[in-house]
Structures are given as structure tokens and as C-alpha cells.
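# Commentary on secondary and tertiary structure
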Amino acid sequence: MYLKVNPEVQKALDNNQPVVALESTIISHGMPYPQNVETALNVEKIIREHGAVPATIGIIDGVCVAGMTPEEIEEFGKRKGIAKVSRRDLPVIVAKKQWGATTVATTMIVAAMAGIKVFVTGGIGGVHRGAQQTFDISADLQELAHTDVAVVCAGAKAILDLPLTLEYLETQGVPVLGYQTKELPSFYSIHSGLELDYEMDSPKEIADAIKAKWEMGLDGGVIIANPIPKEYALEESFINGVIDEALADAKEKGIHGKDVTPFLLAAVKDKTEGKSLDSNIQLVYNNARLGAKIAVEFCK
């Protein structure tokens, strides 16, 4: 048994009621305890308030769980040394019966196994800066090309090469839909200077586009880019300066591969005196509100 679906989640799916998937990397690798648990439970609460059932996804003793209990989320937040699991790691972590936190890619995989169509996260992974030399490209982008789950996010993480990330998504045929914006948001800030092809005005418009894609047999995900609320956004030039410093630190320390993102996010948090963490939490809450509304419309 590789998959365990929470009975409440299963019942909602069986009755065509809206369900929203959530990742667990944000709990184990994104924030310190107890803020991580508090944020995760708040996100679930927001999803319920907007008419959907939350399903936080993680791997517990080698079983993929779609819909962790509050006790499991608490344990996830406290437990040290939980592996960060992407597609390549999944079979090994399952076979070894270990605990694993799901990235965007693995959350999509488990959500698809369970039959969940909408997933809310902070920001997706993408093409790393300097990828022309390092070939460092997140597995999230390949997953988006193949797995039928819609991902609500505040764009790609600001530490990435955003123009190249958009190019890669276009090559893979992944629609990037701006929610009430024509510009790709860049995680901590509203602006990136990168124009999107499609601006969607309502959750219903987004749900219609997702439905059309999958009913036409076009495999793969959809990105719904939802800008951070203005009052929590960080000034673009300020955050870019901070990220450049953090990248130089990472290079100097020889940090690469899947350790880069957690290192950079922690460095940015320190350099912004915690402002980036507050922004991160607020953008996830904002995405949860939109994701629940899209799931409600999709079920109609």
C-alpha cells in the first residue's frame, strides 16, 4: 500500500466536492517550528472557510498520505531530518519506509494518484540562475509538463532565473495564467517585468480553462500565477539585491543541487530580518483563498 487517503478527503472526492492539495516541504524545510505548524494549520483553515477540503500531502513511514491529520502535521513540524522528496527520491523513501516532505513535483504526483486536481503552494521551482553552466533545473517543471494538476502559486521562487523558467514552461506546453494580472509575479514582489500571455479575471474562468485542457486530452498541469497582496510585497530592487548576496554566499560555500533553495530562502530571511518569511506566509494564505475558489468552480 503506497497511498493512504484521509477518509474525509476520500468522501469529498467520491461526492465531487472540492479538495485542495498542500505540500509538506514548506512545513519541514520552509519555516522554523512552531511557525511552520501554525502556518500549515491556518492554510487548511482558510481552505475550509472558502468551501473546500484541505489535503496536506507527505510521506509517513514510507506511505504517501493525502490528507495529514493535525497530529501528523505537528509531528512533521517538529521532527528533525525529514528528507526533501522529489520524483527521483520517491521510490527510495517509500521502499525504505522513511518520512519525506513533498516538493511541488511529488505533491503533484500524490495528488494525481488520489484524484485531487487543484494544489496550492508558495512558489514553484524552476530554472536556477546560471543553469546554462550547471543544468540546474527543478523537477517541478517536468512534472508540470506531464501531471494533470493545477498549481496555484505566487509565480516561481524569486531566487530563480524567471525569464528562463517561463521559456522552459512554454517549451513544455504548460499554460501560465495570471490571476487578475498580465505580469508574472516574482514571489516576494508583484512585478517581474515579464509579460504573461493570459490574464484571467475570475476563478470560474480559470476552472473552465483547466477543464477544457484535460477534456481535450492535453496532458500536464496548469500554473495559476497569483500575485502577493500589495501590503505584504517587498520592493523588487531590495529583494533582488538580497538574493544576489545570498547567491554569492551559496557559491562561496559550494552549495548546489537540492540544498540550494533551502539555503537561499534561509539566507534571504536573515538578510531581510524576517520580512521575507512574513511575505512568504501571507502569499501562501492568499493562494489558499484562490485555490479553494478554483476547486469549488471546477467541481461545479
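Right above here is the structure, for reference.
Here goes a summary of the coordinates provided. Since the model is a prediction, treat every value here as computed from it, not as a measurement.

What follows covers the environment of Ile-228. Residue placement: Ile-228 occurs in the loop between strand 11 (222-225) and helix 11 (236-252). Put simply, Ile-228 and Arg-48 are 180 residues apart on the chain and 21 Å apart in space, counted from C-alpha to C-alpha.

Burial along strand 9 (residues 176-179) is two-sided: Val-176 and Gly-178 and Leu-177 and Tyr-179, pointing in opposite directions, are all buried. Note: strand 9 against strand 11, three bridges, orientation parallel. What sits directly across from Gly-178, in strand 11, is Ala-225. Bridge analysis of strand 9 against strand 10 (residues 198-200) gives three bridges, and the strand direction is parallel.

This part is about the environment of Val-174. Tracing the sequence through the fold places Val-174 in the loop between helix 9 (162-171) and strand 9. Residue Val-174 is classed as buried on the basis of its relative accessible area of 6%. If near-sequence neighbours (up to four positions away) are discounted, Val-174 is found in contact with Leu-144, Ala-145, Leu-169, Gly-221, Val-222 and Ile-223.

Turning next to the nonpolar core. Counting residues in hydrophobic clusters, the biggest one holds 91 residues, and the most contacted among them are Ile-116, Ile-124, Leu-144 and Ile-224. With 10 residues, helix 13 (residues 275-299) is the single largest residue contributor to this core. For Ile-124, the contacting residues outside a window of four places in its chain are Val-104, Asp-140, Leu-141, Leu-144, Val-151, Cys-153, Gly-155, Ala-156, Lys-157, Leu-160, Leu-169 and Ile-223. Counting residues in each nonpolar core, the second largest holds 11 residues, with Val-37, Val-65, Met-68 and Ile-82 among its members.

The rules we used
- Residues numbered from 1 in each chain as written.
- Predicted model: local features only at pLDDT ≥ 70, side-chain atom pairs only at ≥ 80, totals over all residues.
- Heavy atoms only, no water.
- Helix = DSSP H or I, 4+ residues; strand = E, 2+ residues; numbered from the N terminus.
- Buried < 20%, exposed > 50% of the residue type's maximum accessible area, 1.4 Å probe, protein only.
- Pairing = 2+ DSSP bridges.
- Contact = heavy atoms within 4.5 Å.
- Core = buried A, V, L, I, M, F, W, Y, C linked by side-chain atoms within 4.5 Å.

Function-wise, these values are silent; they only describe arrangement.
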